[in-house]
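So the chains spell out like this:
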Amino acid sequence: MEYTLATMNDLPAIKALLARYHKDTISQEDIPGGFVTTKLSDQQFEDLIVNRKGVTLAKDENGTVKAFALAAGWDYWMQVPIMKRMTEVLPDMPFEGTALDETNTYQYGPVCVDVSVRGTGVFEGIFKASLKQFEDQYPVMVTFINQINGRSYAAHTKKAHMTEIGTFDFN
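A brief look at the structure comes next. Since we're looking at a predicted model, the values are computed, not measured.

**Here's the deal with helix α6 (residues 150-159)**
Here comes step 1: Here α6 has its buried residues at S152, A155 and H156. Taken down its axis, α6 places every buried residue within 90 degrees of arc, on the same side.
Here comes step 2: Looking at the packing, one finds that the buried side of α6 touches β4 (105-113) and α5 (122-134).
Here comes step 3: Directly after α6, the chain includes H161, whose backbone phi takes a positive value near 60 degrees.

Next up, the structure:
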């Protein structure tokens, strides 16, 4: 598996993967395997890909996109209502004695892994590749996991060894 930053040529494949696993379009049989809740316009994807370098891909030996992970600073994510809500609760959720805010953290996620490569280490690989992209800019990465998405919670806490620092309500 090759881990690389996306280009605009990858956008159709990213959107196809997103459509397959988005909560609004996922098949009923795929829901227990995890789902994605974030929607972005083509313009938002272009900004994230071209200007932010915030879309990490996993491609197989044929160059087929098998997974993506999105990440960016809060200035980008403020256009997404749930992300804006996260910035409001961050100061109430310190991490290892550090107060968190929009300057010392960035938002990772969503991440989406095709069912054909789940359990093969692709999640761990794309997580590490995405993390590496921002490690020099921000000391702390944060994300939210929908509480009904058990597969995502398990992947992030067991495979990525993330620490839950709190919960918040949205909608």
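That was the structure; now back to the text.
**Digging into the sheet that holds strand β5 (residues 140-142)**
In a beta sheet, neighbouring strands pair by backbone hydrogen bonds and run either parallel or antiparallel.
Here comes step 1: The 5 strands are arranged β1-β2-β3-β4-β5 in an open sheet whose pairing can be described as mixed. Every interior strand has two partners, whereas the edge strands, β1 (2-5) and β5, have only one. Averaged over all neighbouring strand pairs, the angle between strand axes comes to 25 degrees, with direction disregarded.
Here comes step 2: In this fold helix α2 (residues 42-51) packs onto β2 (55-59) and β3 (65-72), with an angle of close to 85 degrees to the strand it touches most, β3.
Here comes step 3: Running at roughly 155 degrees to β4, α5 makes contact with β1, β2, β3, β4 and β5 of the sheet.

**Quick notes on unusual backbone geometry**
Here comes step 1: Put simply, G109 and P110 share a cis peptide bond, and its omega is 10 degrees.
Here comes step 2: At K53, a residue that is not glycine, the phi angle is positive and equals roughly 50 degrees.
Here comes step 3: Take K53: it is sitting in the loop between α2 and β2.
Here comes step 4: The phi angle at E96 is positive, at roughly 50 degrees, despite the residue not being glycine.

Calculation rules
Residues numbered from 1 in each chain as written. Predicted model: local features only at pLDDT ≥ 70, side-chain atom pairs only at ≥ 80, totals over all residues. Heavy atoms only, no water. Buried < 20%, exposed > 50% of the residue type's maximum accessible area, 1.4 Å probe, protein only. Helix = DSSP H or I, 4+ residues; strand = E, 2+ residues; numbered from the N terminus. Arc of directions from axis to C-beta. Contact = heavy atoms within 4.5 Å. Pairing = 2+ DSSP bridges. Axes fitted to C-alpha atoms, helices over the stretch in contact; angles between N-to-C directions.

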